[in-house]
Each structure stands twice: as structure tokens, then as C-alpha cells.
Amino acid sequence: MNTYERLALLMLFYPAILLFSNRLLIKKLAPISGQKAAVFSVFVSSGVLILVAAVAVELTTALAIYLAYASLGIGYVYFHFFNMSETARRIKILTGIHARQFVTQSDVEAYYAGSSALHTRIKRLSDIGQLRLQNGRFQLNGRILLRAAQLIMVFRSILKLNQVSDVYHPENT
Amino acid sequence: MQITVIPLAVLLVVLAIHLLVWRLFRPKNHISLVLLLFGILPFPLIIASCFVFAHGLAESILIFVGYYALAGIYVQTYPAIQAFSPSLRVILMIGHSSHGLSMQEIESRLSKVNVNMERFEDLFRESFIKEERGMLMLLPKGKILARIFVSYRNFLGLPLGAG
């Protein structure tokens, strides 16, 4: 097998490595939050991939750049895929209908009308260290998600999507 | 070198088309169009480039993997851009407040925006679900997606996500 064939084989196996390492980490590190386990599995798997590639493939600068962006890209996609399974509302509604948790529209309305969905989100943000409760008020504990949210607002304006007015002018709502 | 550059070049072309289409036409079926644009449209483009540069099978696979890894970053981020998740709303609200927010304040501000039901309507508009005699039903696209995520959570040994 030449360099390209070995690298192609590695890249094709990489998603499977991610999937199995995530399953393993969820079991071994329980009761760790699912999102943290997914992040760890991305780091562990990309580390394994880069180590194996360094040994098995003759890496030129161009191939090293390729390996860096392709492995980061697949890792990012995997993390978001996990996140979708955990937090996405559209996926929740689809799987809820599939599991007969939501039979009618009012089931969906009742699920999201209550504050439990919001409490779940606040707990999740606290669990991953982005929020902290101080004197009965939630404060930001890190800036990563804030920067991500601000970046998303920039993308929304580039794509001419509707403004999200409640976050920029909360006092007026 | 071509293995590194071609995926980036194809992505830039697709991003330019995406930007143009969104700014000019403001499409309604966001998700289907993003999948078509980033998933299917580049396929013949990459095949053509593999023929032009006479790449072998392994090199062609690397070009495909490289492109879809890069496109996947954008495709996976797009729903967060389009739907703007309540978690990010909460982060921005708190980030823009001077002394943080209480749970009651977060609840009252979020309750004024019917963000969850907007996502529900997206599923009807994009033909993932339908309502028949008052009952919600999955359409083929929705059924496939639901099965993928249910199987995935089962494989990880986790219950279904809370949404």
C-alpha cells in the first residue's frame, strides 16, 4: 500500500474510532455529562489518528495540513452530531413522535411550554462549566459559548436571516 | 498538494453560491437546500476534478473525505445559525446583562419568544412530519432521521435527548 492508500484507509476508519471511543468513555467515565464524553472522545481519537498517521504515512507538509483539517472537521461534525442527539429541538420532536411520547401537537406544546425544558438547558450549561449560580443570579463562567453565539449572530447578518431582537435588547422585551 | 487544495477550493465555490442564493432569494426550505448545496452539488465537481488531475482511487477518496469534513463543519453549524438555539440565547442574554440574570428573568424573557414552536413548524414545512386526524406522523425523511438518532443513542447506551 502506498502513502495515499494508507491515509485513505485511516480516514475511512476515523468515524468508527470516534463512535466506539465515545461509547467506551460514556461507560468508563459515568456519570460524566454526555457532551464532555463526546469532547474527550474527539481528543482521544484525533490523538490516536495523528499518532498512527505519523508512523504509518510519510507526511509531507501538504498532507499534514490535510490531516489536520480533515481530522478536526470530522471531530467537529461528530461532536455536533452528538449535540444534536442531546439538545436539538427538531430531533427531540422527531424522536419523540417515533417513541410515541408526542402523539398530538398539544403534547409538543405542553413539553415546551413548561419550564422543565429551560431548566434542562440551564443545568446542561452549568454542567459543562459555562454558567455559575451566584447569589441567585446566573453569571457566565466562561467566554467560549458567548464568542460562539456572537459569531453566529455575525453569520446570521451575513446570510440576511431575521434578527434575534430579544437577546440584543432584552430590557425591551 | 492537490489533495489538500481541491477540497478547500470546492468548499469556497459552494460557500459563494450559498451566500448568493441566501441573500438574493431568502429560501424557506433551509435545511433541504443546505444539504443539496453542500452534499450533492459538489459531487460532480469533485468527480470532474479527479478525472482532470488523473487521481487514483485512494487520492479521490481523500479528496472526498477532505471536502465532506470541511463542508460538514458548516452544515452542522448551520442549524445553530438558522434556528438560534435557546441555550445560546440564554448565554447572550446573560452575557449582555451587567449583574447576571435570575431564573425568573430568563424564563420571562424566553417565554416572549415562541422559539420551540417555530422549530416544530420547520418540520412541517420541510416535510419531515404531517398531521392526520389530529395525530402527528413521521414522513419518510423524518422516519429515517428519527431512526438514525434513536439507534445512535441506543448504541451509546444513553436515553433519548431532552431537546
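All values derive from a computational prediction rather than experimental measurement.

What counts and what doesn't
Along each chain, the written sequence defines residue order, and numbers are assigned to residues from 1. As they are written, the chains are lettered A onward and the ligands numbered 1 onward, keeping that order. Only residues with pLDDT of 70 or above have their local features reported here, since the model is predicted, and side-chain atom pairs are shown and tallied only from 80 upward, although totals for entire chains, interfaces and linings are computed over all residues. By convention in this description, side-chain values take in all heavy atoms of the structure and omit both hydrogens and water. Strands are runs of DSSP state E lasting at least two residues, helices are runs of H or I lasting at least four, and both sets are numbered from the N terminus onward. Computation of the radius of gyration draws on C-alpha atoms alone. For the globule rule, the value is 2.2 Å times the number of residues to the power 0.38. The classification of residues rests on relative accessible area computed with a 1.4 Å probe and restricted to protein chains. Under 20% of the type maximum is buried, over 50% is exposed, and intermediate values are partly exposed. Note on contacts: a residue pair qualifies if any of its non-hydrogen atoms lie within 4.5 Å across the two residues. Reported accessibility uses the Shrake-Rupley method at a 1.4 Å probe radius. Residues are deemed covered only where the shown protein chains occlude them. The convention is simple: Lys and Arg are positive, Asp and Glu are negative, and His and the chain ends are not counted. We put the charge of a Lys on NZ, of an Arg on CZ, of an Asp on CG and of a Glu on CD. Aromatic rings from Phe, Tyr and Trp, with only the six-membered ring used for Trp, were paired whenever their centres fell within 6.5 Å, and each pair was classed as stacked if the ring planes differed by under 30 degrees, edge-to-face if by over 60, and tilted otherwise. Here, the term nonpolar core denotes a set of buried Ala, Val, Leu, Ile, Met, Phe, Trp, Tyr and Cys residues that are joined through side-chain atoms within 4.5 Å. A quick way to say it: buried area is the sum, across both parts, of accessible area lost when two parts are put together, with a 1.4 Å probe. Here, a salt bridge means any side-chain nitrogen of Lys or Arg that lies within 4 Å of a carboxyl oxygen of Asp or Glu. Each polar contact in these results corresponds to two N or O atoms within 3.5 Å; when the atoms are within protein, one needs to be able to donate a hydrogen and the other to accept it, and residues that are neighboring in sequence are counted only if both atoms are side-chain atoms. Side-chain classes are defined by residue name, with Ala, Val, Leu, Ile, Met, Phe, Trp, Tyr, Cys and Pro counting as nonpolar, Asp, Glu, Lys and Arg as charged, and the others, Gly among them, as polar. Relevant arc is that of directions from the helix axis to the C-beta atoms, nothing else. Within a predicted model, pLDDT stands for the predictor's per-residue confidence, ranging from 0 to 100.

### A word on the overall build of chain A
Counting its secondary structure elements, chain A contains eight helices and two strands. Beginning at the N terminus, the succession of helices and strands in chain A can be written as α-α-α-α-α-α-β-β-α-α. Its C-alpha atoms give chain A a radius of gyration of 20 Å, more than 25% over the compact-globule value 16 Å for 173 residues. Out of the 173 residues belonging to chain A, those deemed buried represent 45%. Look at the contacts in chain A between residues 6 or more apart in sequence, and 47% of them connect residues 24 or more apart. Surface exposure of chain A reaches about 8800 Å², of which carbon and sulfur atoms provide 64%. Taken together, the 18 basic and 8 acidic charged side chains of chain A have centroids lying 4 Å from each other.

### Some details on the packing of aromatic side chains
Taken as a whole, this structure holds 15 aromatic pairs over all chains when the rule is applied. When the centroid spacing of 4.7 Å and the interplanar angle of 25° are considered together, the rings of phenylalanine 81 of chain A and phenylalanine 149 of chain B count as stacked. Of the two residues, phenylalanine 81 of chain A is situated in helix α3 (residues 61-87) and phenylalanine 149 of chain B in helix α8 (residues 140-156); the pairing between them involves two chains. Look at phenylalanine 81 of chain A and you get partly exposed, because its relative accessible area is 22%. Here phenylalanine 120 of chain B and phenylalanine 124 of chain B contribute two aromatic rings whose centre-to-centre distance is 5.2 Å and whose plane-to-plane angle is 75°, an arrangement assigned as edge-to-face. With phenylalanine 120 of chain B and phenylalanine 124 of chain B both in helix α7 (residues 115-125) and four residues apart, the pair spans about one turn of that helix. Assessed through its relative accessible area of 28%, phenylalanine 124 of chain B is described here as partly exposed. Grouping aromatic residues by their ring pairs yields a cluster made of Tyr78, Phe81 and Phe82 of chain A together with Phe149 and Tyr152 of chain B.

### Focus on the nonpolar core
Counting residues in each nonpolar core, the largest one holds 71 residues, and the members touching the most others are Met11, Tyr66 and Leu131 of chain A together with Phe38, Val90 and Ile106 of chain B. The residues touching methionine 11 of chain A, leaving out its near neighbours within four places in the chain, are Leu49, Tyr66, Leu67, Ala70, Ser71 and Ile74 of chain A together with Leu62 and Val65 of chain B. Core analysis: the next-biggest nonpolar cluster, separate from the first, contains 16 residues, Leu94 of chain A together with Phe120, Leu136 and Ala146 of chain B among them.

### Section: the interface of chain A and chain B
Every contact between the two is made by 84 residues of chain A and, on the other side, 88 residues of chain B. Both faces combined, the contact of chain A with chain B buries some 8100 Å², and carbon together with sulfur accounts for 71% of it. Counting every contact that joins chain A to chain B gives three salt bridges. Here chain A is connected to chain B by 25 residue pairs in polar contact (both at pLDDT 80 or more). For the side of chain A that touches chain B, the elements supplying multiple residues, two or more each, are α1 (3-28), α3, α4 (89-98), α5 (105-113), α6 (116-127), β2 (137-140), α7 (144-158) and α8 (165-168) of chain A. By residue class, the composition of the side of chain A that touches chain B is 51 nonpolar, 18 polar and 15 charged.

### What to know about α5 of chain A
Residues and elements named next belong to chain A. By the burial criterion, the buried members of α5 are Val108, Tyr111 and Tyr112. Buried residues along α5 cover an arc of 85° about the axis, so they all sit on one side. The exposed residues of α5 that point more than 90 degrees off its buried face are Ala110 and Ala113.

### Focus: the pattern of salt bridges
Close approach of charged atoms allows side chains with opposite charge to pair. One pass over the full model with this rule turns up six salt bridges over all chains. When the shortest N-O distance is used, the salt bridge between arginine 153 of chain B and glutamate 86 of chain A registers 2.8 Å. Of the two residues, arginine 153 of chain B is situated in helix α8 and glutamate 86 of chain A in helix α3; the pairing between them involves two chains. Assigned by exposure class, arginine 153 of chain B and glutamate 86 of chain A land together as buried. Between arginine 125 of chain B and aspartate 122 of chain B there is a salt bridge, with its nearest N and O atoms 2.4 Å apart. Here aspartate 122 of chain B and arginine 125 of chain B lie together in helix α7, a separation of three residues that amounts to about one turn. In this structure aspartate 122 of chain B comes out as buried when scored by relative accessible area, which is 4%. By sharing partners, the salt bridges in this structure join Arg90 of chain A together with Asp122 and Arg125 of chain B into a single network.

### Considerations on the confidence of the model for chain B
Residues and elements named next belong to chain B. Within chain B, residue pLDDT values average 88, and 96% of them lie at 70 or more. Taking the mean pLDDT of every element in chain B, the minimum, 79, falls on α7 and the maximum, 95, on α8. Listed scores for the predicted complex are pTM 0.80 and ipTM 0.81.

### A word on the side chain of glutamine 130 of chain A
In this fold, glutamine 130 of chain A is placed in the loop between α6 and β1 (131-134). The buried category is assigned to glutamine 130 of chain A, whose relative accessible area is 9%. In contact with glutamine 130 of chain A, other than residues within four places in its own chain, are Leu125, Gln139, Leu140, Asn141, Gly142, Arg143, Ile144 and Leu145 of chain A together with Ile91 of chain B.

### Description of unusual backbone geometry
Residue and element names in this part refer to chain A. Even without glycine at this site, arginine 100 takes up a positive phi of about 65°. Even without being a glycine, lysine 160 presents a positive backbone phi close to 60°. The exposure class of lysine 160 is partly exposed, given its relative accessible area of 37%.

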